[in-house]
Amino acid sequence: ELKVEQNPLFLSMQEGKNYTIYCNYSTTSDRLYWYRQDPGKSLESLFVLLSNGAVKQEGRLMASLDTKARLSTLHITAAVHDLSATYFCAWGGNRDDKIIFGKGTRLHILP
Amino acid sequence: DTEVTQTPKHLVMGMTNKKSLKCEQHMGHRAMYWYKQKAKKPPELMFVYSYEKLSINESVPSRFSPECPNSSLLNLHLHALQPEDSALYLCASSQDFRRSVGPGNTIYFGEGSWLTVV
């Protein structure tokens, strides 16, 4: 059975600090997605990672994928309050269109 | 146009009602999804259509009935729902997984339909 595990599930951090969210998955795949969700809103696509070693950066966020370790990370550099949100990783199947979400990381950045 | 449009935005229905949620995209995507999301939980996959055929049903109760009339439209028909079915219902679309490598491979989500069953 597929498992997509994120940690931590809750993260409260000070502005200016760095932190990493981890996403482990149990079934090998080359497709991994990161989304942001603000309260009461839909999902905003952040990154699409499609190969081993893929690294993508946008502003203070950087995502990477290690398919051998079945691990993706979302790194936050010098956090700012505007990054407070829930972040989800999502696993995409290699054999079908199934997309399964991790439980999400609720990030709260203190000013 | 990278938009997935969902209607209605809000729906309140009784347990004996029949209603439908609608979803539309014009990106030429061949995979379309329904997800259910409860408060403070991740989206849960319900159904996937690939090339207008139902390819994945995650053991969803029959009171939810999906339909894909054409490649741009996806409906979710609702009948005899329970209060615990109240949630945000999200539609999404993407290239099918065989074509997911390359430009335009993002999965786009609509704004969602907030459903309350009373």
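It should be emphasised that the depicted structure is a prediction, and the values quoted were computed from it without experimental measurement.

Q: Quick one: what's the story with the sheet that holds strand β6 (residues 55-58) of chain A, residue by residue and with numbers?
A: Residue and element names in this part refer to chain A. Judged by pairing direction, the sheet is antiparallel, and its five strands sit side by side in the order β1-β3-β8-β7-β6 without closing on themselves. Where the open sheet ends on each side, the last strands, each with one partner, are β1 (4-7) and β6. Each neighbouring strand pair of the sheet contributes to a mean axis angle of 15°, computed without reference to strand direction. As defined by bridge partners, β1 adjoins strand β3 (residues 19-25) across four bridges and the pair is classed as antiparallel. Residue pairing for β3: Q6 is matched across the bridge by C23.

Q: Now, about the layout of surface pockets: what can you tell me, with residues and values included?
A: By volume, the largest pocket amounts to about 1,100 Å³. Forming the boundary of the largest pocket are 42 residues, of which A:F88, A:K103, B:K40, B:K41 and B:P42 lie nearest the centre. Elements with a minimum of two residues in the lining of the largest pocket: β1, β2 (10-14), β9 (85-92), β10 (99-101) and β11 (105-110) of chain A together with β9 (87-94) of chain B. In terms of residue count, β9(A) provides more of the lining of the largest pocket than any other element does, four residues in total. Its residues assigned to classes, the lining of the largest pocket comprises 18 nonpolar, eleven polar and 13 charged.

Q: An account of the confidence of the model for chain B is requested, with residue identities and associated values reported.
A: When the pLDDT values of chain B are averaged, the result is 93; 94% of them are 70 or greater. Within chain B, the element-level pLDDT minimum falls on strand β10 (residues 108-109) of chain B, averaging 95, and the maximum on strand β11 (residues 113-117) of chain B, averaging 98.

The rules behind these values
Counting of residues starts from 1 at the beginning of each chain's written sequence and follows it residue by residue. As a convention, the first chain written is A and the first ligand written is 1, with the rest following in written order. pLDDT decides what is reported in this predicted model: residues at 70 or higher carry local features, side-chain atom pairs at 80 or more are listed and counted, and totals for whole chains, interfaces and linings draw on all residues regardless. Just so you know, side-chain values use all the structure's heavy atoms and leave hydrogens and water out. For two strands to be treated as a pair, DSSP must find no fewer than two bridges joining them. Strands here are runs of E lasting at least two residues and helices are runs of H or I lasting at least four, both read from the DSSP assignment and numbered beginning at the N terminus. Helix axes are fitted only over the stretch in contact, all axes being lines through C-alpha atoms; the angle between N-to-C directions runs from 0 to 180 degrees. Residues are called lining when one of their atoms sits within 4 Å of a cavity or pocket point, these points coming from a 1 Å grid over the protein atoms alone, where a cavity is a set in which a 1.4 Å probe fits but cannot get out and a pocket is an open set with protein on both sides within 12 Å along at least five of seven lines. Grid points are joined across faces, edges and corners, and a volume is the space filled by probe spheres set on the points. Throughout, the ten residues Ala, Val, Leu, Ile, Met, Phe, Trp, Tyr, Cys and Pro are labelled nonpolar, Asp, Glu, Lys and Arg are labelled charged, and all others, Gly among them, are labelled polar. The pLDDT score gives, residue by residue, the confidence of the prediction method on a 0 to 100 scale.

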